[in-house]
Amino acid sequence: MADGAFGLTKELERETAGVWAKVKDHVTPLEWPEQARLISEINRLKRERDAVILAHNYMTPEIFHGVGDYVGDSLGLAKEAARSDAKVIVQAGVHFMAETSKILSPEKTVLIPDLRAGCSLASSITGADVRRIKSRYPGLPVVTYVNTTADVKAETDICCTSANAVQVVEWAAKEWGVDRVILIPDEYLARNVAAQTTVGIIAWKGRCEVHERFTVDDIAEMRAAYPGAEILAHPECPEDVLAAADFAGSTAAMTDYVEARRPKQVVMITECSMASNVAGDVPGVQFIGPCNLCPHMKRITLQNIRDCLLHMQFEVTVPADMIERGRLAVQRMIDLPPPAVPARYDLVKARHHVDVELI
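- As recorded by an unreviewed UniProt entry, the protein chain carries the name Quinolinate synthase and is attributed to Brevundimonas mediterranea.
- Its UniProt record, at the heading Pathway (unreviewed entry), says of the protein chain: "Cofactor biosynthesis; NAD(+) biosynthesis; quinolinate from iminoaspartate: step 1/1."
- According to its UniProt record, the protein chain has this under Catalytic activity (unreviewed entry): "iminosuccinate + dihydroxyacetone phosphate = quinolinate + phosphate + 2 H2O + H(+)".

This is the structure we're talking about:
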C-alpha cells in the first residue's frame with residue numbers, strides 16, 4: 001500500500017530516505033518514485049548476483065548516491081575493482097573503465113549497462129599508434145592515462161590518472177634513467193604535467209570532449225557574476241583555464257578541496273554531475289555552473305543498470321594476452337605509494353613553463 005511520501009510504501013520510503021536527502025536538489029518529486037523503486041530493485045539484485053557497482057564521479061546523483069558501492073575517480077575505482085570479493089562487477093562509467101576492471105579481475109564477470117558508453121579521449125589513440133610511438137622514441141618509458149582502451153594499456157609501461165600523473169612521470173624517468181617520458185594520450189593533461197616537473201614530456205594530441213570546451217572566458221564570466229566563488233578546474237582542461245582557476249586538480253582533489261574548505265560558492269570546471277554529487281555531501285555549499293555534460297557517461301541510467309543485473313547482459317571481455325600485458329601497467333600504478341594528497345596543478349606557481357613535444 002502506497003502510504004508514504006511521493007506515493008511510496010512506508011518501507012520503500014524508509015529504505016531510500018538517505019538517498020533522497022542527498023539527491024533532492026537534483027531530482028524532482030515527479031521523478032523520484034520511479035527512481036526509488038529502481039534503486040531498491042538494483043540493491044536487491046546486487047545481493048542476489050553477488051555484485052558490486054563501481055560508480056564514477058560523473059554518474060548522475062541517483063546512481064552515485066543510490067546504488068554505487070564504490071564511488072570516486074578512475075584510480076579509486078580501479079583499486080576497488082582489484083580488492084572486491086564480489087563475483088560480478090557492474091561498471092557505472094564508460095567502457096575503458098570496465099576493461100580496466102576486467103584487466104585487474106580477470107576471473108570476475110564485468111558488465112557495463114550500455115556498450116555504447118565510450119570516451120572521446122580513449123578513442124583518440126590505438127595500440128598500433130603506441131607501437132609506432134615506441135619505435136620513434138626507443139628506450140623512453142610510455143606513461144598512459146588510465147582513460148585508454150585495453151589495447152593501449154597492453155603497450156604501456158605504466159598507467160596514471162590525473163591524481164598521480166606527475167608522480168608517475170617522475171617515477172618512470174628515474175626508473176628508466178631518462179630525462180624524457182612519453183605521456184599519452186591527453187594533450188592538455190601532458191601540458192599541465194609538464195609545468196609541474198623538470199622531466200621532458202612527449203605528448204599525443206588527444207582531448208576530452210567535455211573539458212576541451214571550457215575557456216578562460218567562461219571563468220571571466222563566472223568571476224564577474226559571482227565574485228566570491230572559488231573556481232576549481234580539471235587538468236584535462238587547457239592550460240590557460242587552469243591558470244585562471246583558483247585550484248586545479250583531479251576529481252578526487254576537487255572533492256577534497258570542497259570538503260575541507262567548505263566555500264560558500266564554488267564552480268567546478270568539469271562534467272556536470274560532479275558538482276551535483278559533491279553537493280550531496282556538503283550541505284551549505286552553493287555550486288554554480290558552467291559545466292559540460294559527457295554524452296557517454298549519461299548513457300548509464302538506473303533503468304539500464306537494473307536491466308544489466310536482471311539479465312546479466314553486456315559483459316566486457318579482454319583477450320588473455322592483453323590482460324597479462326595491460327595488468328602490469330595498471331598494477332605498477334597501483335603499487336606506487338599514493339601521493340599524500342591528490343595532485344594539485346598550480347600553474348601560477350609552476351616550476352617552469354615549457355612546451356611539450358607533440359607527436
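**Some details on the UniProt feature "binding site: iminosuccinate" (unreviewed entry) in the protein chain**
Move 1: The sites that UniProt annotates as "binding site: iminosuccinate" (unreviewed entry) are H56, S74, Y145, V146, N147, S162, H234, P235, E236 and T251. Of the residues annotated just before, the largest cavity has H56, S74, Y145, N147, S162, H234, E236 and T251 among its lining.
Move 2: Secondary-structure assignment places H234 in the loop between strand 9 (230-233) and helix 11 (239-244).
Move 3: Sequence-distant contacts of H234, that is, excluding residues within four places in its chain, are made with Y58, Y145, S162, H211, L242, G249, S250, T251, M254, I269 and T270.

**Description of the packing of helix 5 (residues 95-104) against helix 15 (residues 320-335)**
Move 1: Viewed as axis vectors pointing N to C, helix 5 and helix 15 meet at an angle of 95°, and their least axial separation amounts to 9 Å. As judged from the angle between their axes, helix 5 and helix 15 are roughly perpendicular. Along its contact with helix 5, which presents T100, K102, I103 and L104, the element helix 15 presents I323, G326, R327, V330, Q331 and I334.
Move 2: Looking at the contact of helix 5 with helix 15, its residues break down into 5 nonpolar, 3 polar and 2 charged.

**Section: the UniProt feature "binding site: [4Fe-4S] cluster" (unreviewed entry) in the protein chain**
Move 1: As recorded in UniProt, the feature "binding site: [4Fe-4S] cluster" (unreviewed entry) lies at C119, C208 and C294. These annotated residues cover 176 residues of sequence, and their C-alpha atoms all fall within 9.3 Å of one another, placing them together at a single site. Among the annotated residues just listed, those that line the largest cavity are C119, C208 and C294.
Move 2: Here C208 is to be found in the loop between strand 8 (200-203) and helix 10 (216-225).
Move 3: We classify C208 as buried; its relative accessible area is 11%.
Move 4: Apart from the residues within four sequence positions on either side, C208 is in contact with S120, L121, D186 and E236.
Move 5: With respect to the element layout, C294 can be found in the loop between strand 12 (286-288) and helix 14 (302-311).
Move 6: In this view, C294 contacts V210 and E271; residues no more than four positions away in its chain are not counted.

**A word on the sheet that holds strand 12**
Move 1: A sheet is described by the order of its strands in space; here 4 strands give the open sequence 10-9-11-12, paired in parallel fashion. With one partner strand each, in any of the chains shown, strand 10 (247-248) and strand 12 form the two edges of the open sheet.
Move 2: Sheet analysis places strand 9 next to strand 11 (residues 265-269), joined by 4 bridges and oriented parallel. When the bridges of strand 11 are listed, L232 appears paired with M268.

**Things to note about the nonpolar core**
Move 1: Formed by 107 residues in total, the largest nonpolar core has its most connected members in W32, I63, V193, I201 and V258.
Move 2: Sequence-distant contacts of V193, defined by excluding residues within four places in its chain, comprise A165, V166, V169, L183, I201 and Y345.
Move 3: Counting residues in hydrophobic clusters, the runner-up holds 11 residues, among them I125, V152, I184 and W204.

**Observations concerning the pairing of strand 3 (residues 88-92)**
Move 1: Of all 5 residues in strand 3, 5 are buried; the element is thus mostly enclosed.
Move 2: Both faces of strand 3 are covered, namely the face carrying V88, V90 and A92 and the face carrying I89 and Q91.
Move 3: When strand 1 (residues 51-56) meets strand 3, the two strands line up parallel, connected through 5 bridges. Among the inter-strand pairings, A51 is bridged to a residue of strand 3, identified as V88.

**With respect to the pairing of strand 5 (residues 142-145)**
Move 1: Taking every second residue as pointing to the same face, both faces of strand 5 are buried, with V142 and T144 on one and V143 and Y145 on the other.
Move 2: Two strands pair when backbone bridges link them, and strand 5 and strand 7 (residues 180-184) are joined in this way by 3 bridges, in the parallel orientation. Pairing of V142 across the sheet is with I182, part of strand 7.
Move 3: Summarising the sheet, strand 5 and strand 6 (residues 158-160) pair through 3 bridges and their orientation is parallel. Bridge assignment links T144 to a residue of strand 6, and that residue is C159.

**Comments concerning the state of the cysteines**
Move 1: Per the counting criterion, the structure on display carries 1 disulfide.
Move 2: Lacking any disulfide linkage, C160 is separated from the closest cysteine sulfur, that of C159, by 7.5 Å.
Move 3: Looking at the unpaired C208, the closest cysteine sulfur is the one in C119, lying at 6.4 Å.

**Remarks on the pattern of salt bridges**
Move 1: In the structure shown here, the tally under the stated rule is 20 salt bridges.
Move 2: Salt-bridge contacts for R306 lead to E41; the nearest nitrogen and oxygen are separated by 3.0 Å. Here R306 is found in helix 14, whereas its partner E41 is found in helix 2 (residues 32-49), with 265 residues between them in sequence.
Move 3: With a relative accessible area of 15%, R306 lands in the buried category.
Move 4: Each of E41, R44, E48, R306 and D307 takes part in salt bridges that share partners, so that together they form one network.

So, how was this worked out
Residues numbered from 1 in each chain as written. Predicted model: local features only at pLDDT ≥ 70, side-chain atom pairs only at ≥ 80, totals over all residues. Heavy atoms only, no water. UniProt positions renumbered as here; feature names shortened; annotations may be inferred. 1 Å grid on protein atoms, 1.4 Å probe; cavity = no way out; pocket = protein on both sides within 12 Å on 5 of 7 lines; lining within 4 Å. Helix = DSSP H or I, 4+ residues; strand = E, 2+ residues; numbered from the N terminus. Contact = heavy atoms within 4.5 Å. Axes fitted to C-alpha atoms, helices over the stretch in contact; angles between N-to-C directions. Parallel < 35°, antiparallel > 145°, perpendicular 65-115°, else oblique. Nonpolar A, V, L, I, M, F, W, Y, C, P; charged D, E, K, R; others polar. Buried < 20%, exposed > 50% of the residue type's maximum accessible area, 1.4 Å probe, protein only. Pairing = 2+ DSSP bridges. Core = buried A, V, L, I, M, F, W, Y, C linked by side-chain atoms within 4.5 Å. Disulfide = S-S within 2.5 Å. Salt bridge = Lys/Arg side-chain N within 4 Å of Asp/Glu carboxyl O.

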